[in-house]
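What follows is the residue order along each chain.
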Amino acid sequence: MPKAGEIKKNSAVEYEGGVYFVKDIERSVPQGRAGGSLYRMRLYDVVTGYKMDQTFKDSDMLNLADLVRRPAVFSYSDGDEYVFMDSEDYTQYSLNAEAIAEELLFINEDTQGLMVVLVSDAPVALDLPPTVDLLIEETDPSVKGGSATARTKPARLTTGLVVQVPEHISTGDRIRVNVEERRFLGRA
């Protein structure tokens, strides 16, 4: 049983009889009183999607839930449902657009390295690879000699994500994006 301070983002924990997915963690150190850090976690119920904010002391013990990650590829979208297919046994997993809204900014048909997160055989989330290759849909025209300066310009990718890119990058280029920092890494 790990302490609250050892829980990482995208972990599944058992709390008050339910299984919750940790989407966000904020650490705060209260001033003027003895004791450890406080961890405010945004928890999502695995079954219902119910959102709950809960604060834990550094020393609070939490149970980790059984979490399985399966390699998958994006298959198709059907309204608000996005369907992913297991790369090994071809099982299809359906995820609601609301549950994976952030991740959808980095996914297209070609995205490799996706992992569907399962709790009790039910798909609850999507793990992204550290970097993804995406196509620039729209940006200002490239500036000749623009690679000599460190100035950037906004570029809208085909998924809707907007990142800052160097001036020498133009519309139609494939670029590599760091998922966690939402940052341009280079041409793909």
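Sequence order sets the numbering: in each chain, residues are counted from 1 along the sequence as written. Where local features are concerned, this predicted model is filtered to residues with pLDDT of at least 70; where side-chain atom pairs are given and counted, the filter is 80 or more; whole-chain, interface and lining totals use all residues. The side-chain values count all of the structure's non-hydrogen atoms but skip hydrogen atoms and water molecules.

- The name an unreviewed UniProt entry assigns to the chain is Elongation factor P-like protein, from the organism Marinobacter vulgaris.
- Quoted verbatim from the Sequence similarities (unreviewed entry) heading of the UniProt record, the comment on the chain is "Belongs to the elongation factor P family." UniProt positions are given in the numbering used here, feature names are shortened, and annotations may be inferred rather than shown by experiment.

## Quick look at the pattern of salt bridges
And step 1. A pairing counts as a salt bridge when a side-chain nitrogen of Lys or Arg comes within 4 Å of a carboxyl oxygen of Asp or Glu. Considering all chains together, one arrives at 14 salt bridges under this definition.
And step 2. The shortest N-O distance in the salt bridge between R156 and E137 comes to 2.2 Å. Of this pair, R156 sits in strand β12 (residues 152-157) while E137 is found in strand β11 (residues 131-139), placing the two residues 19 residues apart along the sequence.
And step 3. One salt bridge connects E138 with R156, and the closest N-O pair in it is separated by 2.4 Å. A residue pair is termed long-range when its members are at least 10 positions apart, and E138 in strand β11 and R156 in strand β12 qualify at 18 residues.
And step 4. Salt bridges here are not isolated pairs; linked through shared partners, they connect R70, D86, E88 and D89. Numbered from the N terminus, helices here are DSSP runs of H or I no shorter than four residues, and strands are runs of E no shorter than two.

## A closer look at the environment of V132
And step 1. Relative to the helices and strands, V132 is located in strand β11.
And step 2. Spatially, the C-alpha atoms of V132 and T111 are 6.7 Å apart, while their sequence positions differ by 21 residues.
And step 3. Setting aside anything within four residues of it in sequence, one finds V132 in contact with F106, T111, I175, R176, V177 and V179. Throughout, a residue-residue contact means that at least one pair of heavy atoms, one from each residue, lies within 4.5 Å.

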